[in-house]
Amino acid sequence: GGSGSIQGAGRRGKVNSPVNQEQSKELGVLRALGAGRFRLAWTLTLEALTLVVAASVMGIMIGATVAFSVTSQRSLFTQLPLPFNFPWGVMSWLLPTALLSAVAAAMFPAAALLKTRIAALLRSYL
């Protein structure tokens, strides 16, 4: 229950820490080269959206294929007509929620990193 959620959040924080450090290095170097804060925040947001869209499309394709296969096999074995119904209702709220989560997950850490001075970014992680 609750303790599992707390442990999972702690593990994710430990896993993401090296990623955040690496990303802050990249942001420091790009800012030192003259990249603007808005452009970097936009780039990080587009990166997160691209990953979420790619994962969503792959998950939908794999899930629909498996569900169709299982439904077809069950219909064949039971000799009963079982229609395959794609869960459009679930997709209508799941995909926008995933996209919104991706934007939030990219923008808040990016905003915090981009407020940091360039020298501090480079000094603390190089």
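For the structure itself, look to the data block above.
Residues numbered from 1 in each chain as written. Predicted model: local features only at pLDDT ≥ 70, side-chain atom pairs only at ≥ 80, totals over all residues. Heavy atoms only, no water.

Draft legend 1. Summary view of a nonpolar patch on the surface. On the surface, a nonpolar cluster with roughly 320 Å² of combined accessible area is contributed by V53, V57, M61 and L99. If one sorts the elements of the nonpolar patch by residue count, helix α2 (residues 37-78) sits on top with 3 residues. Its location among the elements puts M61 in helix α2. (Patch = residues over 30% accessible without salt bridge, like charges linked within 9 Å, V, L, I, M, F, W, Y side chains within 5 Å. Areas by Shrake-Rupley, 256 points an atom, 1.4 Å probe, with all protein chains shown as cover. Salt bridge = Lys/Arg side-chain N within 4 Å of Asp/Glu carboxyl O. Helix = DSSP H or I, 4+ residues; strand = E, 2+ residues; numbered from the N terminus.)

Draft legend 2. Up close: the packing of α2 against helix α3 (residues 88-115). In the contact formed by α2 and α3, the axes pass within 9 Å of each other and the chain directions differ by 150°. Between α2 and α3, the angle falls in the class roughly antiparallel. Like other packed secondary-structure pairs, α2 and α3 cross with a definite hand, here right-handed. Contacts from R37, L40, A41, L44, T45, A48, L49, V52, V53, S56 and I60 in α2 reach M91, L95, A98, L99, A102, V103, A106, M107, A110, L114 and K115 in α3. For the contact of α2 with α3, a count of residues per class yields 18 nonpolar, 2 polar and 2 charged. (Axes fitted to C-alpha atoms, helices over the stretch in contact; angles between N-to-C directions. Parallel < 35°, antiparallel > 145°, perpendicular 65-115°, else oblique. Left-handed = near helix turned anticlockwise from the far one by under 90°. Contact = heavy atoms within 4.5 Å. Nonpolar A, V, L, I, M, F, W, Y, C, P; charged D, E, K, R; others polar.)

Draft legend 3. Here's a closer look at the environment of L27. For L27, the position within the fold is in helix α1 (residues 2-32). The residues touching L27, leaving out its near neighbours within four places in the chain, are L40, L44, L113, L114 and L121.

Draft legend 4. A look at the nonpolar core. In this structure, L27, L40, A41, L44, A110, L113, L114 and L121 together form the largest nonpolar core, which totals 8 residues. Mapped by element, the contributors of at least two residues to this core are α2 and α3. Those residues within four positions of L40 in sequence are excluded, and the remaining contacts are L27, L30, R31, A35 and L114. (Core = buried A, V, L, I, M, F, W, Y, C linked by side-chain atoms within 4.5 Å. Buried < 20%, exposed > 50% of the residue type's maximum accessible area, 1.4 Å probe, protein only.)

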